[in-house]
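# Secondary and tertiary structure notes
The residues making up each chain are set out below.
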Amino acid sequence: MKWKRPLAWIAGAAVAAGIGGFVFAAAGFAPIAASSGHWAVTDWFLHFAMRRAVKTQSLGVAIPPDVSLDDRALVLRGAGHYESGCAPCHGTPTTQPSVVVRQMTPKPPHLPPHIPSWEPEHLFWIVKHGVKFTAMPAWPALHREDEVWAMVAFLRRLPDLSEAEYRALAAGDAGSGNRLRSHDDPIGAVVAESCARCHGAEGLGRGAGAFPKLAGQTEPYLLASLRAYAAGERHSGFMEPVAAMLDDAALQRLAAYYAAMPAGAAEATAAGDRALGERIATRGIPERGVPACVQCHGPKEAPRAAVYPSLAGQYADYITVQLDAFANGTRGGTPFAHIMRSIAERLEPAERGAVAAYYSALAP
Ligand code: HEC
Ligand code: HEC
Ligand code: HEC
């Protein structure tokens, strides 16, 4: 049994190193100061380990068949969030992160030159899970993988964008048309700096179905939805951080502001089968227990309960994303959202596209 001896030595040395490490840490000598940075060799090793981990742990990730990373709606959605959720640490095409962020160890890299070295699946993994011990955060709504793919779609475009192109994608026409702009109205500033960048200056989304129309939506539904995001009961990595930073009085004013704006026009360009959509919306699918959508969402003669959102003229892309999220249990919502889960999961994907096409083409 000669071989036991070297093993015992190795085990002994490992135990001694463990105890030594513990004593070193307990005595308070661990080099934790961000100000001293990493040694070059530590830096190299940590990046090596991080790159290997991302590549191995993203092996099970695949771009879903219904996701096209060239889709303009995905790129816009990702850009809107990048500006508030990523640029403070990673900068924009030509700007660097703030002086404060540059004192972090490791420093968040200026992203454009880094993107081409990753495949989309790798970027998906990094954005979804974040990187421990580096301040790179995980996605706030882990199950909304559709949102993570939107970030990936935008990141792939980032290396080729000029600063002006970036601004146009991330902010659009946010500055114009804001009715609340005044020095003494703090809500005006929130609308200008936050909401309008994504939902457009007129509250009509920004085309392409990237962001829902809010203008003319019922006030109780807008307020209930904002509260649900703020409380983490409606899941979205785009909206939860925005709503959670505002107090309830601000949410009430925002809901009233958007409800009072003029609703837009119908969107007549969606691809789904509109005739099938109309049949489902007006009659439901009785044999599968799907009720007629018009009962709650209109159009109908009798008044509707205002906690049921209007769908007429909403973007088809957005309606489809919501129905998919209801069906796979990742949407959450107001206290009434369970109604929609059992309805959406009984619809086939083509039927969801069909009702979306029907509603988007109706005049609000
Ligand atoms: C609080 C600061 C912070 C925020 C906010 C942040 N990151 Fe990071 N990110 C980091 C740091 C630090 C690293 C470096 C990790 C490392 O050194 O391994 C990093 C790394 C990355 C990387 C890998 C870069 C590479 O090649 O090593 C990507 C991609 C990335 N972040 C994307 C994003 C996106 C997209 C967002 C917004 C959704 C975001 N980050 C938000 C701090 C941040
Ligand atoms: C970074 C982009 C972004 C910003 C900034 C933003 N939103 Fe949103 N908003 C979205 C996206 C994307 C959705 C759809 C999220 C989902 O799938 O639940 C959304 C959804 C909503 C909804 C739900 C609409 C519906 O029909 O259910 C409301 C209400 C809303 N936003 C209000 C606001 C308000 C008010 C602000 C400003 C305080 C704001 N948003 C700022 C991107 C944004
Ligand atoms: C019994 C009432 C009821 C019926 C019937 C109903 N819905 Fe809903 N629907 C709701 C409620 C309540 C919500 C709001 C859920 C939330 O966000 O909490 C909603 C939300 C939605 C949304 C999300 C809207 C947004 O702005 O995010 C879509 C899309 C939708 N319903 C589509 C449909 C379709 C399509 C049908 C028919 C197949 C249907 N609904 C039938 C009650 C209903």
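Residues numbered from 1 in each chain as written. Chains lettered and ligands numbered in written order. Predicted model: local features only at pLDDT ≥ 70, side-chain atom pairs only at ≥ 80, totals over all residues. Heavy atoms only, no water.

### So, the overall build of the protein
Of regular secondary structure, the protein possesses 16 helices and zero strands. Across its three principal axes, the protein shows a C-alpha extent of roughly 90 × 60 × 40 Å. Counting over 364 residues, the protein shows a buried share of 40%. A separation of at least 24 residues holds for 70% of the contacts in the protein among residues at least 6 apart in sequence. Computed over 34 positive and 33 negative side-chain charges, the inter-centroid distance for the protein is 8 Å. (Helix = DSSP H or I, 4+ residues; strand = E, 2+ residues; numbered from the N terminus. Buried < 20%, exposed > 50% of the residue type's maximum accessible area, 1.4 Å probe, protein only. Contact = heavy atoms within 4.5 Å. Lys, Arg positive; Asp, Glu negative; His and termini not counted. Charge placed at Lys NZ, Arg CZ, Asp CG, Glu CD.)

### A short note on the site of ligand 3
Looking at ligand 3, there are 25 residues lining it, with Cys293, Cys296, His297, Thr334 and Met340 nearest. Between an oxygen atom of ligand 3 and a side-chain N or O atom of Thr334, the distance comes to 2.5 Å. When residues of the shell around ligand 3 are assigned to their parent elements, the largest contribution, five residues, is made by helix α14 (residues 316-327). For the shell around ligand 3, a count of residues per class yields 19 nonpolar, four polar and two charged. (Near = heavy atom within 4 Å. Polar contact = N/O pair within 3.5 Å; in protein donor to acceptor, adjacent residues only side chain to side chain. Nonpolar A, V, L, I, M, F, W, Y, C, P; charged D, E, K, R; others polar.)

### A short note on the packing of helix α5 (residues 120-129) against helix α6 (residues 145-157)
Orientation of α5 relative to α6, taken along the N-to-C sense of each, is 125 degrees, at an axis distance of 9 Å. With respect to their mutual orientation, α5 and α6 come out oblique. Along this stretch, α5 crosses α6, giving a crossing that reads as right-handed. In this structure, α5 uses Pro120, Glu121, Leu123, Phe124, Val127 and Lys128 to contact α6, whose residues at the interface are Glu145, Val148, Trp149, Met151, Val152, Leu155 and Arg156. Grouping the amino acids of the contact of α5 with α6 by side-chain chemistry returns nine nonpolar, no polar and four charged. (Axes fitted to C-alpha atoms, helices over the stretch in contact; angles between N-to-C directions. Parallel < 35°, antiparallel > 145°, perpendicular 65-115°, else oblique. Left-handed = near helix turned anticlockwise from the far one by under 90°.)

### Observations regarding the coordination of the iron atom of ligand 2
In the first shell of the iron atom of ligand 2, the protein supplies His199 (NE2) and Met239 (SD), at 2.0 to 2.2 Å from the metal. Coordination at the iron atom of ligand 2 is octahedral: its six donor atoms span angles of 84 to 179 degrees at the metal. Here His199, found in helix α8 (residues 186-199), pairs with Met239, found in helix α10 (residues 239-244); they are 40 residues apart in sequence, far enough to count as distant. Judged by relative accessible area, Met239 falls into the buried class, the value being 17%. (Donors = N, O, S within 2.8 Å, 3.2 Å for Na, K, Ca; no water. Tetrahedral: all angles 85-135°; square planar, octahedral: opposite > 155°, others 65-115°.)

### Describing the packing of aromatic side chains
For the structure shown, the criterion picks out 10 aromatic pairs. Judged by centre distance (6.2 Å) and plane angle (50 degrees), the ring pair of Phe154 and Tyr166 falls under tilted. In this pair, Phe154 sits in helix α6 while Tyr166 sits in helix α7 (residues 163-171), placing the two residues 12 residues apart along the sequence. In this structure, Phe154 and Tyr166 share a single accessibility class: buried. The interplanar angle of 70 degrees and the centroid separation of 4.9 Å between the aromatic rings of Tyr257 and Tyr258 together place this pair among those described as edge-to-face. No difference in accessibility class separates Tyr257 from Tyr258, as the two residues are buried. Chaining the aromatic ring pairs together yields one cluster made of Trp44, Phe45 and Phe48. Directly above the ring of Trp118 sits Arg51, whose terminal nitrogen or CZ lies 3.9 Å from the centroid. The positively charged end of Lys213 is found above the aromatic ring belonging to Tyr315, 4.9 Å away from the centroid. (Phe/Tyr/Trp six-rings, centres within 6.5 Å; stacked < 30°, edge-to-face > 60°. Lys NZ or Arg CZ within 6 Å of the ring centre and 35° of its normal.)

### Some words on the coordination of the iron atom of ligand 1
Under perfect tetrahedral coordination by four donors, a metal shows angles of 109.5 degrees; under perfect octahedral coordination by six donors, it shows angles of 90 or 180 degrees. Distances from the iron atom of ligand 1 to its protein donors, His90 (NE2) and Met136 (SD), fall at 2.0 to 2.1 Å. What the six donor atoms of the iron atom of ligand 1 show is an angle range of 87 to 178 degrees at the metal, which sorts the shape as octahedral. One end of the pair, His90, is in helix α4 (residues 87-90); the other, Met136, is in the loop between α5 and α6, and 46 residues separate them in sequence. The class of Met136 is partly exposed, set by a relative accessible area of 25%.

### Comments concerning the packing of α14 against helix α15 (residues 337-344)
Here α14 crosses α15 at 90 degrees, and the two axes come no closer than 7 Å. When the axis of α14 is compared with that of α15, the two are roughly perpendicular. Contact residues: Leu323, Phe326 and Ala327 in α14; Ala337, Met340, Arg341 and Ala344 in α15. Partitioned by chemical class, the residues of the contact of α14 with α15 number six nonpolar, no polar and one charged.

### Topic: the site of ligand 2
The environment of ligand 2 is made up of 26 residues, and the closest members are Cys195, Cys198, His199, Tyr221 and Met239. A distance of 3.0 Å separates an oxygen atom of ligand 2 from a polar side-chain atom of Tyr318. Broken down by secondary-structure element, the contributors of at least two residues to the shell around ligand 2 are α3 (72-85), α8, α9 (219-230), α10, α11 (248-259) and α14. Considering each element in turn, the shell around ligand 2 owes the most residues, five residues, to α8.

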